[in-house]
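As a plain string of letters, each chain reads:
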Amino acid sequence: MSENENKMEEIEGSCPHCSGKHKDRDDKEKRDLMNRLKRIEGQVRGVEGMLENDAYCTDILVQVSAITNALNSFNKVLLANHMKTCVTENIREGNDEIIDELVVTLQKLMK
């Protein structure tokens, strides 16, 4: 079995929600996305601390709204990167099925 097949099997077995596809990201893209997630994780921990310290409801709600906005921003960046790389490359290779995948993804994001 090739190294790529091993990775695919590992990915498919690790998460029931993953498509099994793989994306090699350059270091800058990965670092930027990870930094965004780490900031969001810190915000979530902050809300957890607010709850433990009996913070006022509206104060918590404002922080949760900030987290929601940060996650939406993360999705926008990731979607733009996806369209500029994965979608574009697939279309150039003649794989028009990527458009259907993108439509389904957008539908899920816009629920």
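Residues numbered from 1 in each chain as written. Predicted model: local features only at pLDDT ≥ 70, side-chain atom pairs only at ≥ 80, totals over all residues. Heavy atoms only, no water.

Quick look at the overall build of the protein chain
Then step 1. Along the backbone of the protein chain there are 4 helices and 0 strands.
Then step 2. Along the protein chain, helices and strands appear, N-terminal first, in the series α-α-α-α.
Then step 3. Total accessible area on the protein chain is roughly 8900 Å²; 53% of this is exposed by carbon and sulfur atoms. (Helix = DSSP H or I, 4+ residues; strand = E, 2+ residues; numbered from the N terminus. Areas by Shrake-Rupley, 256 points an atom, 1.4 Å probe, with all protein chains shown as cover.)

Regarding the packing of helix α3 (residues 57-92) against helix α4 (residues 97-109)
Then step 1. With their axes 10 Å apart at the nearest point, α3 and α4 run at an angle of 165° to one another. Between α3 and α4, the crossing angle belongs to the class labelled roughly antiparallel. Crossing angle aside, the handedness with which α3 passes α4 is left-handed. Contact residues: N75, L79, H82, M83, V87, N90 and I91 in α3; I98, I99, E101, L102, L106 and L109 in α4.
Then step 2. Tallied by class, the residues present in the contact of α3 with α4 amount to 9 nonpolar, 3 polar and 1 charged. (Axes fitted to C-alpha atoms, helices over the stretch in contact; angles between N-to-C directions. Parallel < 35°, antiparallel > 145°, perpendicular 65-115°, else oblique. Left-handed = near helix turned anticlockwise from the far one by under 90°. Contact = heavy atoms within 4.5 Å. Nonpolar A, V, L, I, M, F, W, Y, C, P; charged D, E, K, R; others polar.)

What to know about α3
Since one α-helical turn is 3.6 residues long, residues separated by three or four positions face the same way.
Then step 1. Taking 1.5 Å per residue, 36 residues should reach 52 Å; α3 reaches 51 Å between its end C-alpha atoms and fits that length.
Then step 2. At H82, α3 is bent by approximately 35°, the largest bend along its length.
Then step 3. For α3, the complete set of buried residues consists of I60, I67, A70, F74, C86, V87 and N90.
Then step 4. The elements touched by buried residues of α3 are α2 (27-52) and α4.
Then step 5. Downstream of α3 by a residue or two, G94 has a phi angle that is positive, lying close to 90°. (Expected span 1.5 Å × (residues − 1). Bend = angle between axes of the 7 residues up to and from the residue. Buried < 20%, exposed > 50% of the residue type's maximum accessible area, 1.4 Å probe, protein only.)

Section: the pattern of salt bridges
Then step 1. Applying the stated rule across the entire model yields 4 salt bridges.
Then step 2. Between E29 and R25 there is a salt bridge, with its nearest N and O atoms 3.6 Å apart.
Then step 3. A salt bridge links K28 to D32, with the nearest nitrogen and oxygen atoms 2.7 Å apart. With K28 and D32 both in helix α2 and 4 residues apart, the pair spans about one turn of that helix.
Then step 4. The class for D32 is partly exposed, based on a relative accessible area of 32%. (Salt bridge = Lys/Arg side-chain N within 4 Å of Asp/Glu carboxyl O.)

Details of unusual backbone geometry
Then step 1. Positive phi values are uncommon outside glycine, yet D54 reaches one of about 55°.
Then step 2. Assignment of secondary structure puts D54 in the loop between α2 and α3.
Then step 3. Among the residues examined, D54 registers a relative accessible area of 68% and is labelled exposed.

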